[in-house]
Amino acid sequence: MTTRRTRPAPRPPEGTPPRAELARQARAVLADAVRIAHWAAGTPGPGTAAPLAAHALERAATALELSPAQVRAGWDRARLAGLVELHGDTARPGWRLRAWDRDDSAVLRGWVALFDAWSLVHAAPEGIEAGAVAEAVEAVPQVLSLLQLSAGSVTVPALLDLLGQRVAELHEERCEVPLGPGRTVPAASAAPAATAGPARSADLNALLLDWALEGLAAVGALTLGKGHATLTPLGNWAVWVKLEQICVAAQSPAGNIEQSAADMLLGCARLTPGPARDEYRAWLAARTVGSAVAELLAVARGEDALLRGLAFEALRVVGAPAEPEVRAVLAEPSLRPYALLWLAEYEGNDPDDAQDVLSREEATWLWVDTAAAVADHGETGLLVRHLDSAVQGTVPALLDEVRAVGHPRTVQVLVALAAAHPDPALAKAVRRAAFQVHTGGA
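Predicted model only: the values in this text are computed from it and were never measured.

Q: Explanation requested: the overall build of the protein chain in the structure shown.
A: Within the protein chain one finds 22 helices and 7 strands. For the protein chain, the proportion of its 442 residues judged to be buried stands at 46%. A fraction of 64% describes how many contacts in the protein chain between residues 6 or more apart in sequence connect residues 24 or more apart. Element-wise, carbon and sulfur atoms account for 55% of the exposed surface of the protein chain, whose accessible area totals about 20900 Å².

Written out as structure tokens, the structure is:
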């Protein structure tokens, strides 16, 4: 069997450090978060949920010899980077934490998740309307693109000019014109003498640009000098990745018979269904059924949602011999939706109708889990199109139920979706939902 590439892998800009060096820099940025994640994951019982309880904060500060503010900041970063996941009041290590010392790709994905969530890491200035903050967040990709294309430092006035242009474009797209401090009205009803807005907007844009640059510097994406900003190697690489829309899924090597279940599944991730099933059959033929099923289910219990879905695809190839083991995992919340769909298809239901066996909550949990797989391994366009598969029918209903379902990757999924979606209003709503889940709000 052979696989054909549709386009050669793009090369990063000249001067980009090797991945190992980028991963080393990402580990340095997240060093405190990793220490706190290890501490939280090794602390049994309640008290490590977010926001970090006062007594847990004190214990962590003492144990790690950090200030309470450092612990709180590191805890937020650990959650946003996927180093720790919350299950009720208990913190568990995320799959990235377990792979942290040996897997550079896991480290870089964790840092990119933090990079995407910069606006949650660094609180916005007080007293500014949420709409203005959302506009700044929406304009930041253009600022980052200018920094990346400039291949060096860019003056703050130049960045401010670009930010102002982008905000003005957003107002024009929404048919809005300024009407005094912090307010807008539809262009058709605007008074010609609205002169107080532009000067105020310039001051507001300057304040928001400072906030954005400080937030991006806080996650290690850029450095700030006197009157200028420069992307770090990590930031330069991350912006290039997003501009090129590089898929971070593993390449599909030919022949996976001798690989572990996880490596075999990753190797098949980019194959079409037919060739993938051939690979699954070859891998299964080299093992006893019992050991193969046990290994696949062990992978499915991990935190990588892509591998969870692929493991059940491989179990479909196993068929009847896997039925008792699949039925036995119905009691495990993270596997239950997958197991229900597997059993429905095994019992003869049409795959298109199999979703009917899921409760609303189970379908929502599965939607978030699938979105997590896309966010980790797929292209941004796939994440946007994934919205159409939600059972809720409307985005507000989806966000309400996603907030309630309690999936440990909810915040990261919503942040990634907000960063990817081209509709500013929808992205704003999704970003607000991510913030509410992150802070525990309603």
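Q: What is the right way to read the nonpolar core from this model?
A: Within soluble globular proteins, side chains that are nonpolar tend to cluster in buried spots. The biggest cluster of nonpolar side chains holds 130 residues, and the ones touching the most others in it are Leu265, Phe312, Leu315 and Trp367. Beyond its immediate chain neighbours, meaning those up to four positions away, Leu265 contacts Tyr280, Leu296, Val299, Leu307, Leu310, Ala311 and Ala314.

Q: Sorry if this is basic, but what is going on with the sheet that holds strand β7 (residues 228-231) here?
A: Backbone hydrogen bonds are what pair the strands of a sheet, in a parallel or an antiparallel way. Taking strand neighbours across the sheet as the criterion, the 3 strands line up as β3-β7-β6 in an open arrangement whose pairing is antiparallel. The strands lining the two open edges of the sheet, one partner per strand, are β3 (154-155) and β6 (222-225). In this structure, β3 lies alongside β7, joined through 2 bridges in antiparallel fashion. By the bridge assignment, Val154 is partnered in β7 with Ala229. Across the face of the sheet, helix α8 (residues 130-150) comes into contact with β3, β6 and β7 while running at roughly 75° to β7.

Q: Any chance you could explain the packing of helix α18 (residues 360-377) against helix α21 (residues 410-420) here in plain terms?
A: Between two packed helices, what matters for the description is the angle formed by their axes and the separation of those axes. Across the interface, α18 lies against α21 with an axial gap of 9 Å and an inter-helix angle of 60°. The angle between α18 and α21 falls in the class oblique. Judged by the sense of rotation from one axis to the other, the crossing of α18 with α21 is left-handed. Note on element contacts: α21 touches α18 through Thr410, Val413, Ala416 and Leu417, opposite Trp367, Val368, Ala371, Ala372 and Ala375. Of the residues that constitute the contact of α18 with α21, the class distribution is 8 nonpolar, 1 polar and no charged.

Q: Help me understand the packing of aromatic side chains in this model?
A: Aromatic ring pairs are reported here in terms of the distance separating the ring centres and the angle at which the planes meet. Inspection of the entire model under this criterion finds 4 aromatic pairs. When the centroid spacing of 4.9 Å and the interplanar angle of 50° are considered together, the rings of Trp118 and Trp211 count as tilted. Residue Trp118 is found in helix α7 (residues 118-121), and its partner Trp211 is found in helix α10 (residues 196-218); the two are separated by 93 residues along the sequence. You can call Trp211 buried: its relative accessible area is 3%. Where Phe312 meets Tyr338, the ring centres are 5.6 Å apart and the plane angle is 25°; that geometry is what we call stacked. Of this pair, Phe312 sits in helix α15 (residues 305-318) while Tyr338 is found in helix α17 (residues 336-346), placing the two residues 26 residues apart along the sequence. Across the pair, exposure class does not vary: Phe312 and Tyr338 are buried alike.

Q: I would appreciate a short explanation of the packing of α18 against helix α20 (residues 395-405) in the present structure.
A: Interaxial distance between α18 and α20 falls to 9 Å at its minimum, and their mutual angle equals 90°. With respect to α20, the element α18 is oriented roughly perpendicular. When α18 is examined against α20, the residues Arg360, Glu361, Thr364, Trp365, Trp367 and Val368 are found in contact with a partner set consisting of Leu398, Glu401, Val402 and Val405. Of the residues contributing to the contact of α18 with α20, the split by class is 6 nonpolar, 1 polar and 3 charged.

Q: Is there a simple way to think about the pattern of salt bridges in this case?
A: If charged atoms from side chains of opposite charge come close, those side chains can pair. Overall, the coordinates contain 15 salt bridges when judged by the stated rule. With a closest N to O distance of 2.7 Å, Arg96 and Asp376 form a salt bridge. Note that Arg96 is positioned in helix α5 (residues 95-99) and Asp376 in helix α18, a separation of 280 residues in sequence. Of the charged contacts, one joins Asp400 and Arg403 as a salt bridge, the two residues approaching to 2.5 Å between their closest N and O atoms. Of this pair, Asp400 and Arg403 both sit in helix α20, separated by 3 residues, roughly a single helical turn. Salt bridges sharing partners connect three or more residues here, namely Arg96, Asp376 and Arg409.

Q: Can you walk me through α21 in this structure?
A: Since the α-helix packs 3.6 residues into each turn, any two residues three or four apart lie on the same face. Of all 11 residues that make up α21, 10 are buried, and the element is covered over most of its length. Thr410, Val411, Gln412, Val413, Leu414, Val415, Ala416, Leu417, Ala418 and Ala420 are the residues of α21 that are buried.

Q: Would you take a moment to explain α8 for this structure?
A: Taking 1.5 Å as the rise per residue, α8 with 21 residues should run 30 Å; its terminal C-alpha atoms sit 30 Å apart, in good agreement. The largest bend in α8 is about 35°, located at Ala139, with the proline Pro141 one to four residues further on. Count one or two residues on from α8 and you reach Ala151, which has phi positive near 55°.

Q: Sorry if this is basic, but what is going on with the pairing of β7 here?
A: Regular strands have side chains that alternate between both faces of the sheet. Of the two faces of β7, only one is covered, namely that formed by Ala229 and Leu231; the face formed by His228 and Thr230 stays uncovered. Where β6 hands over to β7, the hairpin turn is made up of 2 residues, of which Gly227 adopts a positive phi near 80°.

Q: Please clarify how the environment of Leu162 should be interpreted in this entry.
A: The topology assignment puts Leu162 in helix α9 (residues 156-173). Measuring from C-alpha to C-alpha, the distance between Leu162 and Val140 comes to 9.5 Å, with 22 residues separating the pair along the chain. In contact with Leu162, not counting residues within four places along its chain, are Gln142, Val143 and Leu146.

Q: I'm lost on the confidence of the model for the protein chain in this one. Help?
A: Close inspection of predicted coordinates is inappropriate for parts of the model with low pLDDT. Per-chain confidence: the protein chain averages 81 in pLDDT, with 83% of residues scoring 70 or above. Ignoring residues within four places in sequence, the model shows residues 1-7, a span with pLDDT below 50, making 8 contacts including any to other chains. This model gives residues 179-200 a pLDDT under 50, and the stretch forms 24 contacts once residues within four places in sequence are excluded.

Q: How should I be thinking about the pairing of β6 in this particular structure?
A: As judged from the 4 bridges shared by β6 and β7, these two strands associate in the antiparallel manner. Residue pairing in the sheet places Leu224 in a bridge with Ala229 of β7.

Q: When you look at the environment of Arg327 in this model, what are you seeing that I'm missing?
A: Among the structural elements, Arg327 can be located in helix α16 (residues 323-328). Classification of Arg327 by relative accessible area gives partly exposed; the value is 37%. Distance from Arg327 to Ala339, taken between C-alpha atoms, is 6.8 Å for residues 12 residues apart in sequence. Within the structure, Arg327 has its side chain in polar contact with the side chain of Glu323 (distance 2.6 Å).

Conventions and cut-offs
Residues numbered from 1 in each chain as written. Predicted model: local features only at pLDDT ≥ 70, side-chain atom pairs only at ≥ 80, totals over all residues. Heavy atoms only, no water. Helix = DSSP H or I, 4+ residues; strand = E, 2+ residues; numbered from the N terminus. Buried < 20%, exposed > 50% of the residue type's maximum accessible area, 1.4 Å probe, protein only. Contact = heavy atoms within 4.5 Å. Areas by Shrake-Rupley, 256 points an atom, 1.4 Å probe, with all protein chains shown as cover. Core = buried A, V, L, I, M, F, W, Y, C linked by side-chain atoms within 4.5 Å. Pairing = 2+ DSSP bridges. Axes fitted to C-alpha atoms, helices over the stretch in contact; angles between N-to-C directions. Parallel < 35°, antiparallel > 145°, perpendicular 65-115°, else oblique. Left-handed = near helix turned anticlockwise from the far one by under 90°. Nonpolar A, V, L, I, M, F, W, Y, C, P; charged D, E, K, R; others polar. Phe/Tyr/Trp six-rings, centres within 6.5 Å; stacked < 30°, edge-to-face > 60°. Salt bridge = Lys/Arg side-chain N within 4 Å of Asp/Glu carboxyl O. Expected span 1.5 Å × (residues − 1). Bend = angle between axes of the 7 residues up to and from the residue. pLDDT = per-residue confidence, 0-100. Polar contact = N/O pair within 3.5 Å; in protein donor to acceptor, adjacent residues only side chain to side chain.

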